[in-house]
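# Topology and contacts: notes
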Number of protein chains: 2
Amino acid sequence: MPTISDVAKLAKVSVATVSRFLNDSGYVGKKSREAIKKAIQELDYVPSEVARSLSTKQSDIIGLIIPDIKNPFFPELARAVEDTAFEYGYTVILCNSDENELKEKHYFQTLTNKYVAGIILTSIFDQGTNFKKLKIPMVALDRPLEINIPTVTTNNIEGAKLATQFLIDKGATSLLCVGGPKEIRSSKLRVEGFQEIIKEYPIDSHIIESPYDFETAETIIFDYLKHNPTIDGIFACSDASAIGALKAIHKLNLSVPEDIQIVGFDGIQMGKVVSPSLTTVAQNIYQLGQAAAKMLIHQIEGKPLENTSVCINPKLIERETTRKERT
Amino acid sequence: MPTISDVAKLAKVSVATVSRFLNDSGYVGKKSREAIKKAIQELDYVPSEVARSLSTKQSDIIGLIIPDIKNPFFPELARAVEDTAFEYGYTVILCNSDENELKEKHYFQTLTNKYVAGIILTSIFDQGTNFKKLKIPMVALDRPLEINIPTVTTNNIEGAKLATQFLIDKGATSLLCVGGPKEIRSSKLRVEGFQEIIKEYPIDSHIIESPYDFETAETIIFDYLKHNPTIDGIFACSDASAIGALKAIHKLNLSVPEDIQIVGFDGIQMGKVVSPSLTTVAQNIYQLGQAAAKMLIHQIEGKPLENTSVCINPKLIERETTRKERT
DNA sequence: TTGAAAGCGTTACCAC
DNA sequence: GTGGTAACGCTTTCAA
C-alpha cells in the first residue's frame, strides 16, 4: 500500500502539501495540485483511515447499539442506518446489547476506544452518568431516554390513539391493551395513548403487560382471554404480541375479526404474512433509522441541528384483523 | 484518556516494558509486573486500539458482508457472528452489499483500509482476482464460492433430497420445484437435490425459477399453478418463496395441505407464524454463523484449521403444510 | 530484564 | 504557497 510520502515523492512536493490537498485545508498551488492528483492516480493511493484516526482522534465509524438484530424491528432500522452511513462515507459497527447494561457499557468502552465518530443508541437504560463523560455525538433511537440527547422516535401516543379509536369505530366495546415491558418508555407511551382515548368512552377496558415476544405473549393473552370472555378488541403495543394474540384467539376457537378484532403496533414484515393479516400502526422504520443517522452525521460534521428531536408520525394500515364495516 | 507512557511513568518503568507486559511478549520482572498492574488500575488505562492497529497493521474488527440484513435469513446469522466475535474480543462491521459487485468491492477497500482482522462474506460473485490480492483471512458463508477459501455451508443437496423425499412419502404425485436466482450456487444445489430424488420415481415434475422474495414468488407461482392444475406438491428452495406459494394457493381457492403440500427451505421465523405453518428444511442458521466466525478467528490467530470447509446438515421440520398421514 | 529509539501513516503548527 | 517536523499511542528491534 502506498503512503502519503510515496505520493509526495512522486509529485515532488512535501507530505504537508499532500495532506493539505487531501483535506482541502490550506493553500495548494495549481501545479502542485495537478502533480498530486496524478501521483495519487498512478499509485492508486488511499489514505490510511487508521493513521488518520490516530492523528485526529476521530474515525469514520459509527456505532449502532441495539437490543437484538434478531428482533424483527431492527433489521430494517439497521439497514437504514447503514445505507445513510454509506452515503456519507461512514461505516457501521453493529452491537447487540441484549438490553444488558453491562454489555452496553462494554460496547461504549470498545467504541470510544476506537475513536468512533458517533453512536446511535436504542436503549432502555438511562445512563446519564455514563454518557455525559464521553462527549461524543450521540442520538437516541426509537426509545427516548430521559437524558438530554437528540432523539428520534415515533409518535407513540398518537399511534396508540389511532389504534384505539379505530377499534372503537369498528364497533369494539370491551378493549384489552397489551403493553410491553414497563422499562420501555415507548411502551408506556402507547399505553397512555390507549388510556386517553378510552376515558372518553363509556366502555370496558383492560390493560396487561407482556414481553415483546410472540410465544410468551400468546400464553399470557390466552390465559387472560379465557377469564375475560367479553373482550372483543385488542390493541397490542407490538406486532409481536399482536401475532401472539392472534394465535391465542385461534386456540380458543374464536375467530378474528368476527369475535375479536386486533390492532398491532410496529409494522414489521411478518404482519403481512400471518392470516388474517394484521391491521397495525406502522412505524416508518426506515425513515426512523435514516433520520437518526442523518442527525448523528450532522452533529459529527459540526453542522447545527435544526431540531434536537424528531418525532415521526406512524400510519394505520388496515388489513384483515379488523372488520371492514362498522357493526 | 491515559496513555501507555502515563502508565510507564507511574510504574517507573519504560513504555517498552509496559508494552511487553500488555502483550505478554518478552520478559517482565516480577516487580515491574506488579507496579504496572497497579498503575493500570489506578489510571483506568485501556490501550488505544487505533494506535495498536497503526503499529501492527491489524485491528480487532471483523467485516461481515451480506446481501441485505432485511432478508429474514441474515439477522440470525449476523447475530451469531457478532456473538462469537464478542466472545473472542472482536467487533463487527456490518456491510450490506445488495449483491452489487461494485458495492462489494467498495467494502473490501474500506475494510482492508481499516486493517480489519478478517472478512466473512456471503456473496454470489466469485471475485477470484479481487480476493487473491489481499491475503487477509476470509471465510465464505452460506454460498460457496468457486475460489479456494474456507467455507461454511448447509448441506444443500441433502436438504433438498430430504424435502423431496418427504413430499413423495406424503403422497404427492406431481411436484413443482421453485428454485432461486440461478446465480446463487446454493439454490442450484437445491434444485439438483430435487432432481436426484425425482429421477428415481416415475412422477411428474416441474422446475421454475423465482427470486427469494415472497411477493414476486407469489405471482410467479400463481401463474404457474393456474396453468398446471395437476401439481399437488411444491418444494420451494427458500421459505420466502414457500410463503409466496402458500398465498398463491389460497388465492386459487385451493387448500394446503389437502390440495397441495408445501415444503420450504431455510427455517426462518416467519415460517412458524404463517398459517398453516410451514413445513421446511431448516438450516441451523445460528450454527452456520458461529462456525464461520470461529473459523475466521482461528485463521486470524494463526491456529491451524482442522477443516477448510464445514458443511452443516439441515433438519426437516414437519409443520402444517404437509399431510399428517400418507395418502 | 530493561530501556532508547525508530517506525506505523497522518495531521497541523510554524517558519520560510 | 510550501516544507520541516513534532505529535498521535503503540510495537519492536537492538543494545545494554
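Residues numbered from 1 in each chain as written. Chains lettered and ligands numbered in written order. Predicted model: local features only at pLDDT ≥ 70, side-chain atom pairs only at ≥ 80, totals over all residues. Heavy atoms only, no water.

Under an unreviewed UniProt entry, the name given to chain A is LacI family transcriptional regulator, and the organism recorded is Lysinibacillus halotolerans.

## Some thoughts on the pattern of salt bridges
Scanning the entire structure with this criterion turns up 28 salt bridges over all chains. One salt bridge in this structure joins Asp68(A) and Arg79(B), with 2.9 Å as the shortest N-O distance. Placement of the pair is Asp68(A) in the loop between β1 (61–66) and α5 (74–87) and Arg79(B) in helix α5 (residues 74–87), with the two residues belonging to separate chains. Considered together, Asp68(A) and Arg79(B) belong to a single accessibility category, that of buried residues. In this structure, the salt-bridge partner of Lys182(A) is Glu209(A), at a minimum N-O distance of 3.8 Å. Here the residue Lys182(A) occupies a position in the loop between β6 (174–179) and α9 (185–198), and Glu209(A) occupies one in strand β7 (residues 204–209), the gap between them amounting to 27 residues. On the basis of relative accessible area, Lys182(A) is assigned to the exposed category, the value being 53%. Accessibility expressed as a relative area gives 41% for Glu209(A), which makes it partly exposed. Each member of the salt-bridge network shares a partner with another, and the members are Asp68(A), Lys70(A), Asp98(A), Lys103(A), Arg79(B) and Asp83(B). (Salt bridge = Lys/Arg side-chain N within 4 Å of Asp/Glu carboxyl O. Helix = DSSP H or I, 4+ residues; strand = E, 2+ residues; numbered from the N terminus. Buried < 20%, exposed > 50% of the residue type's maximum accessible area, 1.4 Å probe, protein only.)

## Section: the protein's contact with DNA strand D
With respect to spatial proximity, 26 residues lie near DNA strand D, and among them Arg20(A), Gly29(A), Ile4(B), Ser19(B) and Tyr45(B) are the closest. Backbone atoms, meaning sugar and phosphate, make up 65% of the atoms of DNA strand D lying within 4 Å of the protein. One of the side-chain nitrogen or oxygen atoms of Ser19(B) is found 2.8 Å away from a phosphate oxygen of DNA strand D. Interatomic distance of 2.8 Å between a side-chain N/O atom of Arg52(B) and a phosphate oxygen of DNA strand D. For the surface near DNA strand D, the secondary-structure elements that each account for two or more residues are α2 (15–23) and α4 (49–56) of chain A together with α2 (15–23) and α4 (49–56) of chain B. Here the residues of the surface near DNA strand D sort into twelve nonpolar, eleven polar and three charged. (Near = heavy atom within 4 Å. Polar contact = N/O pair within 3.5 Å; in protein donor to acceptor, adjacent residues only side chain to side chain. Nonpolar A, V, L, I, M, F, W, Y, C, P; charged D, E, K, R; others polar.)

## A word on the interface of chain A and chain B
On the chain B side, the residues contacting the 45 residues of chain A number 45 residues. Between chain A and chain B, the buried area comes to about 4,100 Å², and carbon and sulfur atoms account for 61% of it. By the criterion of area lost to chain B, the three top residues of chain A are Val50(A), Arg79(A) and Val273(A), representing 16% of everything that side buries. Where chain A packs against chain B, one counts eight salt bridges. Between Asp60(A) and Lys114(B) there is a salt bridge, and its shortest N-O distance comes to 2.9 Å. Linking chain A to chain B there are 18 residue pairs in polar contact (both at pLDDT 80 or more). At the level of elements, α4, α5, β2 (91–96), α6 (101–113), α10 (214–227), α11 (239–251) and α12 (270–273) of chain A are the ones that each hand at least two residues to the side of chain A that touches chain B. Partitioning the side of chain A that touches chain B into residue classes produces 21 nonpolar, ten polar and 14 charged. Pairing of β2(A) with strand β2 (residues 91–96) of chain B involves three bridges; the strand directions are antiparallel. Note that in β2(B) the partner of Ile93(A) across the bridge is Ile93(B). (Contact = heavy atoms within 4.5 Å. Buried area = accessible area lost by both parts, 1.4 Å probe. Pairing = 2+ DSSP bridges.)

## Side note on the side chain of Thr84(B)
Residues and elements named next belong to chain B. The residue Thr84 is located in helix α5 in this model. In this structure Thr84 comes out as buried when scored by relative accessible area, which is 1%. When residues no more than four places from it in sequence are discounted, the contact partners of Thr84 are Gln290, Ala293, Lys294 and Ile297.

## Structural notes on the packing of aromatic side chains
Tallying each qualifying case throughout the model produces eight aromatic pairs over all chains. Judged by centre distance (5.3 Å) and plane angle (45 degrees), the ring pair of Phe86(A) and Tyr107(B) falls under tilted. Taken as a pair, Phe86(A) in helix α5 and Tyr107(B) in helix α6 (residues 101–113) lie in two separate chains rather than in one. Take Tyr107(B): its relative accessible area is 2%, and that puts it in the buried class. Summarising the aromatic geometry, the rings of Phe194(A) and Phe235(A) are spaced 6.3 Å apart at their centres and angled 20 degrees between planes, so their arrangement reads as stacked. Of the two residues, Phe194(A) sits in helix α9 while Phe235(A) sits in strand β8 (residues 233–236), which places them 41 residues apart along the sequence. Pair check on accessibility: Phe194(A) and Phe235(A) agree, each one buried. (Phe/Tyr/Trp six-rings, centres within 6.5 Å; stacked < 30°, edge-to-face > 60°.)

## What about the UniProt feature "domain: HTH lacI-type" (unreviewed entry) in chain A?
Here, the residues flagged by UniProt with the feature "domain: HTH lacI-type" (unreviewed entry) are residues 2–56 of chain A. Segment residues 2–56 of chain A splits into 71% helix and 0% strand. End C-alpha atoms: 20 Å apart. (UniProt positions renumbered as here; feature names shortened; annotations may be inferred.)

## Section: the pairing of β2(A)
Along any regular strand, the residues point their side chains to alternate faces of the sheet. All names here are of chain A. Among the six residues that make up β2, six are buried, leaving the element largely enclosed by the rest of the structure. Where burial is concerned, the two faces of β2 agree: the one with Thr91, Ile93 and Cys95 and the one with Val92, Leu94 and Asn96 are both buried. Regarding the hand of the β-α-β motif, the stretch spanning β1, α5 and β2 is right-handed. (Right-handed = clockwise from strand over helix to strand, strands pointing away.)

## A look at the packing of α5(A) against α6(B)
For any two helices packed against each other, the geometry comes down to the angle between their axes and how far apart the axes lie. One way to put it is that α5(A) packs onto α6(B) with a least axis distance of 13 Å and a crossing angle of 75 degrees. Overall, the two elements α5(A) and α6(B) adopt an arrangement that is roughly perpendicular. Contacts from Arg79(A), Glu82(A), Asp83(A) and Phe86(A) in α5(A) reach Lys103(B), His106(B) and Tyr107(B) in α6(B). (Axes fitted to C-alpha atoms, helices over the stretch in contact; angles between N-to-C directions. Parallel < 35°, antiparallel > 145°, perpendicular 65-115°, else oblique.)

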